[in-house]
Number of protein chains: 2
Amino acid sequence: MINQWLNVRSLLTEEQLQKIYKYEEVEEYRKYHPAQVIEHAVSMERWIGIPEPVKQSYRMVGRQTPLQRAYRLEKAWGTTNRIYIKREDTLSNGSFKITSALPQAYYGSVEGKTAVITETGAGQTGVAAALAAKLTGLNCKVYMVRSSYELKKLRVLMMKMYGADVIASPSDQTEAGRAFLARGERNGSIAFATSEVLEEIAQANGSINIAGSLFDFVLTYNTVIGLEVIEQLTSHNIEPDIVIGCVGGGSSFGGFALPLVDYYGERLERVICTESTAIPTLTKGEYGYDYADGEGGGSKLLMYSLGYDFRPPAMHASGLRYHAAAPIVSHFVNQGIIEAQAFDETEAMASAIELARNEGIIASPESSYTINAIKKMCRQYENRNIVALLTGNGQLDLESYGGFL
Amino acid sequence: MINQWLNVRSLLTEEQLQKIYKYEEVEEYRKYHPAQVIEHAVSMERWIGIPEPVKQSYRMVGRQTPLQRAYRLEKAWGTTNRIYIKREDTLSNGSFKITSALPQAYYGSVEGKTAVITETGAGQTGVAAALAAKLTGLNCKVYMVRSSYELKKLRVLMMKMYGADVIASPSDQTEAGRAFLARGERNGSIAFATSEVLEEIAQANGSINIAGSLFDFVLTYNTVIGLEVIEQLTSHNIEPDIVIGCVGGGSSFGGFALPLVDYYGERLERVICTESTAIPTLTKGEYGYDYADGEGGGSKLLMYSLGYDFRPPAMHASGLRYHAAAPIVSHFVNQGIIEAQAFDETEAMASAIELARNEGIIASPESSYTINAIKKMCRQYENRNIVALLTGNGQLDLESYGGFL
């Protein structure tokens, strides 16, 4: 079991950080997140100890997750490369998201908070928040974008199984929600849901928000993923050559790849993050200051972005529907240490179906882009160790695969 | 990794077996199952070696599965007992069923068979057969009871993800199916689907059926579950006191509990199998000779049964909707070594929701009866080691939980 998180901010110089966060207003965050979390968010310490209760919860939900060699996929693709898959799909809640949700809920409970109030799109963040809240003794209320609420019924039920109160947003429970509804905005958006959450937290004393992506502290808490991989590779005397993961906001990729970039450095031949050609943040976006929020609220951050007003098209990998990528991941892409590759949905989903048929693993649609990148690398390279991150399982996304079968 | 299966027939005397199988016609089975499987079915050898390729496939799908202490559930129930849960829900296909499907498919492939043709009700057997076939290089066709086919869309998609051809039964692909349809029997039943499967196997050379339950060889292949538990308990110096699992046909329970009964013998205080009060096979059924088949086909076996013409009511735990229980499990119940407890669905589902909220584990509706029995034992006992089997995960059954939330 990993005992410390790697603080992703410590991988940059003070100067680099100041440039990235020139317009950031940390004070604003203090209203919505536990004080200890904000301390981690601004800390420059290299290592942050993981509290024993968080380690216990990590074990309970299935950490460490397996790093599995995909022998049959290698054989099917006739490759001499060795494919290692980090299986975050095996976690109880179905994705890596619990890894950062648990410490956020834990620090909230330690600081006397009684409830988590959070927003969710397709539901993965909400499911993780619901479970994390329950496991740390907090109540949980989730504002879920109504269009998803009506479409992703099983994720709603899963949040309710974990005891959360799930509200379709815009709702009539907040002023913001009532205003959106009055404007005829029934379907909602993640920005609307966030407005409802922030309003309620500001009013309800003792509540915190659980951030699902983008923030450095989320990446830092997720470094357990990459640190486990290093331990697993080392114990089998394996040196990785090629590292692959997908990027939506960048929190799974940051938690997975940044510890590897730090530990193996230039011994890594390629570090690849994958995305959809429909939302090509890192392959076609601009590196500059932009809002993280889809409505232009909050601080501007230095990152790759398609523009805060970019309206992502509908797609099955809803976790990749975000206009920007986390500042520190963006930094490493801009430095040329991490490269980005975009794939077409049809090609990606077909590769995920090959994974299912060869290894029995049903990947989240988000991870299908990663599987496709592995396949592409297998055509270009020989005899490499390829290490790839599977962010979640696709059992509740089986309908997404329906059209590709 | 376990190297040998425990042959469940070897736990009985020749005399006991002859009595149980007085009317059994083994020759009939040879038409539908690999020769090696039939050899195991009639063998009296105590141990059967697990072939290396089967062990590799077991690893690939997630064996060994964890045995997890449920600390938070213990705390929630204020009990001094220690609860250990064997987590078959963590397998790639979502349930224990793959454990017996893999060797059946493997022996078929070794004997030159090219396809698996199998029947399924709610889909768990079909999903396991589809994956087992794919992992051993066989084609797979599943006849699925039409009423389930229309209801359990995600399980249909999962079989298709694994490359299976899924047919709603009765179908127009077999004479039997066409006859059922002509009689206006559109919804189908597991007996109808079996008729279609057997007809097609009899005609299509090179096909085998994958049995999902009831047969001794299925229980024998599933003993990996119980043998893993013994290894896991022993490595932590734990002696079990109370053993609990659910019984539909009895194949998960047999594979889990019989190795424990054999190894710990009278040191076990209680061995409990759970069922639904709606289908009280072991608590209210008769011990006598009856047909395994719901239409009165095949051989009569000595077992607990509600009568082959018993028509089980609709219920969420569709894996428990069977009129009888495997002969060897029935034998141990009849001897008083295993006891049966029946619970009401509402009570059982409520206990499963408590499991989800305390441990983050979403259990199959079948396992909810087991969780409820653990709860009951926690009220009656102090300071015991309770070891219970969770047969599968309930992510694709979340709608079943909907009404109880």
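Everything numeric here is computed off the predicted structure, so don't read it as measured data.

Undergrad: Residues and numbers for the UniProt feature "domain: Tryptophan synthase beta chain-like PALP" (unreviewed entry) in chain A, please.
TA: Per the UniProt record, the feature "domain: Tryptophan synthase beta chain-like PALP" (unreviewed entry) sits at residues 61-392 of chain A. Secondary structure over residues 61-392 of chain A splits into 44% helix and 19% strand, and the C-alpha atoms at its two ends are 13 Å apart.

Undergrad: How would you explain the sheet that holds strand β7 (residues 165-169) of chain B if you had to name every residue and give the values?
TA: Residue and element names in this part refer to chain B. Strand order in the open sheet formed by four strands is β7-β6-β5-β8, with parallel pairing between adjacent strands. Here the strands that pair on one side only, and so sit at the sheet edges, are β7 and β8 (207-208). Helix-sheet contacts for helix α11 (residues 190-203) involve β5 (115-120), β6 (139-145), β7 and β8, and the interaxial angle to β5 is about 165°.

Undergrad: Account for the packing of aromatic side chains, with residues named and values stated.
TA: Residues and elements named next belong to chain A. Taken as a whole and judged by the stated rule, the model has 22 aromatic pairs over all chains. Seen from their ring centres, Y23 and Y289 are 5.1 Å apart, and the 85° between their planes marks the pair as edge-to-face. Here Y23, found in the loop between α1 (14-20) and α2 (26-29), pairs with Y289, found in strand β11 (residues 286-291); they are 266 residues apart in sequence, far enough to count as distant. For Y23, a relative accessible area of 41% gives the class partly exposed. Three or more aromatic residues link up through ring pairs in this structure, and these residues are W5, Y29, Y106, Y107, F215, F217 and Y221. Against the face of Y21 rests R9, its NZ or CZ located 4.1 Å from the ring centre.

Undergrad: Explain the relation of the copies chain B and chain A residue by residue, including any values.
TA: Of the transformation placing chain B onto chain A, the axial shift is 0.0 Å and the rotation is 180°, giving an RMSD of 0.0 Å. Both copies of the chain, as the preceding transformation shows, are related through a two-fold rotation axis. Comparing interface residues between copies, 100% of those in chain B also lie at the interface in chain A; the contact surface is shared.

Undergrad: Describe in detail the packing of helix α7 (residues 124-135) of chain A against helix α9 (residues 153-161) of chain A, supporting the description with residues and values.
TA: All names here are of chain A. Remark: α7 packs on α9, axes separated minimally by 8 Å, with the N-to-C direction vectors making an angle of 10°. Relative to α9, the element α7 is oriented roughly parallel. Across the interface between the two elements, Q124, G126, V127 and A130 of α7 pack against R155, M158 and M159 of α9. For the contact of α7 with α9, the residue count by class is four nonpolar, two polar and one charged.

Undergrad: Before we move on, can you summarise the pattern of salt bridges with the specific residues and values?
TA: This structure, assessed with the given rule, holds 44 salt bridges over all chains. A salt bridge links E295 of chain B to R311 of chain B, with the nearest nitrogen and oxygen atoms 3.6 Å apart. With E295 of chain B in the loop between β11 (286-291) and β12 (300-305) and R311 of chain B in the loop between β12 and α15 (327-334), this residue pair connects regions lying 16 residues apart in the sequence. In this structure E295 of chain B comes out as partly exposed when scored by relative accessible area, which is 47%. Three or more residues are tied together by salt bridges with common partners; here these are R63, K86, E88 and E228 of chain A.

Undergrad: Describe the sheet that holds strand β7 (residues 165-169) of chain A, naming the residues involved and giving the relevant values.
TA: Residues and elements named next belong to chain A. The four strands are arranged β7-β6-β5-β8 in an open sheet whose pairing can be described as parallel. On the outer flanks of this sheet lie β7 and β8 (207-208), each paired with one strand and no other. The pairing of strand β5 (residues 115-120) with β8 spans two bridges and is parallel. Note on β8: the bridge partner recorded for A115 is S207. Strand contacts of α7: β5 and β6 (139-145), with the helix running at about 170° to β5, the strand carrying the most contacts. Each of β5, β6, β7 and β8 is contacted by helix α11 (residues 190-203), which is oriented at about 165° to β5, the strand it contacts most.

Undergrad: Residue-level account of the domain arrangement of chain A, with values.
TA: Residue and element names in this part refer to chain A. Taken domain by domain, chain A comprises domain 1 (52-95 + 215-402) and domain 2 (114-205). Taken over C-alpha atoms, the centre of domain 1 sits 26 Å from the centre of domain 2. With 13 residues of domain 1 in contact, the opposing surface of domain 2 contributes 13 residues. For the pairing of domain 1 and domain 2, the buried interface totals around 1,100 Å² over both sides, and the portion due to carbon and sulfur atoms is 58%.

Undergrad: Give a description of helix α6 (residues 98-110) of chain A that names residues and reports values.
TA: Residue and element names in this part refer to chain A. The first and last C-alpha atoms of α6 sit 18 Å apart over 13 residues, in line with the 18 Å expected at 1.5 Å per residue. For α6, the tally of buried residues reaches 11 of 13 residues, placing the bulk of the element in the interior. Looking only at α6, the buried set comprises I98, T99, S100, A101, L102, P103, Q104, A105, Y106, Y107 and G108. Following α6 by one or two positions, G112 adopts a phi angle in the positive range, close to 85°.

Undergrad: Go over the pairing of strand β14 (residues 385-390) of chain A, please, and point to the residues and values.
TA: Residue and element names in this part refer to chain A. Burial analysis of β14 places six of its six residues in the buried class, the great majority of the element. Both faces of β14 are covered, namely the face carrying N385, V387 and L389 and the face carrying I386, A388 and L390. The sheet contact formed by strand β4 (residues 82-87) and β14 spans six bridges and is parallel. Considered in β14, the bridge of R87 is made with L390. Bridge count between strand β9 (residues 242-246) and β14: three bridges; the pairing is parallel. Among the inter-strand pairings, I242 is bridged to a residue of β14, identified as I386.

What counts and what doesn't
- What you see as residue numbers is a count from 1 along each chain, following the sequence as written.
- Going through the entries in the order they are written, you letter the chains from A and number the ligands from 1.
- A pLDDT threshold of at least 70 governs which residues receive local features in this predicted model, and a stricter bar of 80 or more applies before side-chain atom pairs are shown or counted, although totals over entire chains, interfaces and linings include all residues.
- Here the side-chain values reflect all heavy atoms present in the structure, with hydrogen atoms and water set aside.
- UniProt positions are given in the numbering used here, feature names are shortened, and annotations may be inferred rather than shown by experiment.
- Each helix is a run of H or I in the DSSP string that is no shorter than four residues. Each strand is a run of E no shorter than two, and both are numbered from the N terminus.
- Only when DSSP finds a minimum of two bridges between them are two strands counted as paired.
- In this description, contact between two residues means that some pair of their heavy atoms is separated by no more than 4.5 Å.
- A fitted line through C-alpha atoms represents every axis, and for helices the fit uses only the stretch in contact; the resulting angles, taken between N-to-C directions, go from 0 to 180 degrees.
- What counts as a ring pair is set by centres within 6.5 Å for rings of Phe, Tyr and Trp (its six-membered ring), and what kind of pair is set by the plane angle: stacked under 30 degrees, edge-to-face over 60, tilted for all other angles.
- Here the term buried applies to any residue with accessible area under 20% of the maximum for its type, exposed to any over 50%, and partly exposed to those in between, with areas from a 1.4 Å probe on protein chains only.
- We call a charge positioned over a ring when the NZ of a Lys or the CZ of an Arg lies within 6 Å of the ring centre and within 35 degrees of the ring normal.
- Alignment of the copies relies on least squares applied to C-alpha atoms, considering only residues that score at least 70 for pLDDT in both.
- Any angle that falls under 35 degrees is termed roughly parallel, while one over 145 is termed roughly antiparallel, one within 65 to 115 roughly perpendicular, and all others oblique.
- Asp, Glu, Lys and Arg are counted as charged, while Ala, Val, Leu, Ile, Met, Phe, Trp, Tyr, Cys and Pro are counted as nonpolar; the rest, among them Gly, fall into the polar class.
- One speaks of a salt bridge when a side-chain nitrogen belonging to Lys or Arg is within 4 Å of a carboxyl oxygen belonging to Asp or Glu.
- A domain assignment, automatic or from a database, supplies the domain bounds used here.
- We define buried area as the total accessible area lost by two parts upon association, computed with a 1.4 Å probe and summed across both.
- By definition here, a helix of n residues has an expected span of 1.5 Å times n minus one.

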